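So the chains spell out like this:
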Amino acid sequence: AVAACSLESIAPFLKGAGHMAVMTNADDPILTQDNFAFLADTFGPRLTLYPAGGHCGNLRYRDNVADMLDFFLK
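The rules behind the values
- Residues numbered from 1 in each chain as written.
- Predicted model: local features only at pLDDT ≥ 70, side-chain atom pairs only at ≥ 80, totals over all residues.
- Heavy atoms only, no water.
- Helix = DSSP H or I, 4+ residues; strand = E, 2+ residues; numbered from the N terminus.
- Buried < 20%, exposed > 50% of the residue type's maximum accessible area, 1.4 Å probe, protein only.
- Areas by Shrake-Rupley, 256 points an atom, 1.4 Å probe, with all protein chains shown as cover.
- Lys, Arg positive; Asp, Glu negative; His and termini not counted.
- Charge placed at Lys NZ, Arg CZ, Asp CG, Glu CD.
- Pairing = 2+ DSSP bridges.
- Right-handed = clockwise from strand over helix to strand, strands pointing away.
- Salt bridge = Lys/Arg side-chain N within 4 Å of Asp/Glu carboxyl O.

Draft legend 1. How the structure looks around the overall build of the protein. Counting its secondary structure elements, the protein contains 3 helices and 2 strands. Going from N to C terminus, the protein has its helices and strands arranged as α-β-α-β-α. For the protein, the spread of C-alpha atoms along the three principal axes comes to 35 × 30 × 20 Å. The proportion of buried residues among the 74 residues of the protein is 27%. Per element, the accessible surface of the protein, about 5,200 Å² overall, is 64% carbon and sulfur. If the 5 positive side-chain charges of the protein are averaged to one point and the 8 negative ones to another, these points end up 6 Å apart.

Right, dumping it as structure tokens:
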């Protein structure tokens, strides 16, 4: 079933997984308001929500790429 493949099915793990973070965009066309709420609730301060970039558009923004690299270098 689709639900078994969703992030919601592993939400308890994700909430405690400090080594994981999410970087996405407020204008991502495939995410709904419910998706954004789930990400905020699950990842809290480990969620970075950029104002623009669409879906996978973060690579066009130098500051966003620097944030990603910084996360991996920690």
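Draft legend 2. Region of interest: the pairing of strand E1 (residues 22–25). In the sheet, E1 pairs with strand E2 (residues 47–50) via 4 bridges, with the strands oriented parallel. Looking across to E2, one finds that Val 22 is bridged to Leu 47. This β-α-β element, E1 to helix H2 (residues 33–43) to E2, shows right-handed connectivity.

Draft legend 3. Spatial organisation of the pattern of salt bridges. Enumeration according to the criterion identifies 2 salt bridges in this entry. Lys 15 is paired through a salt bridge with Asp 41; the nearest N and O atoms lie 3.3 Å apart. Taken together, the residues span a long stretch of sequence, with Lys 15 in helix H1 (residues 11–16) and Asp 41 in helix H2 at a distance of 26 residues. When its relative accessible area of 45% is taken as the criterion, Lys 15 is described as partly exposed.

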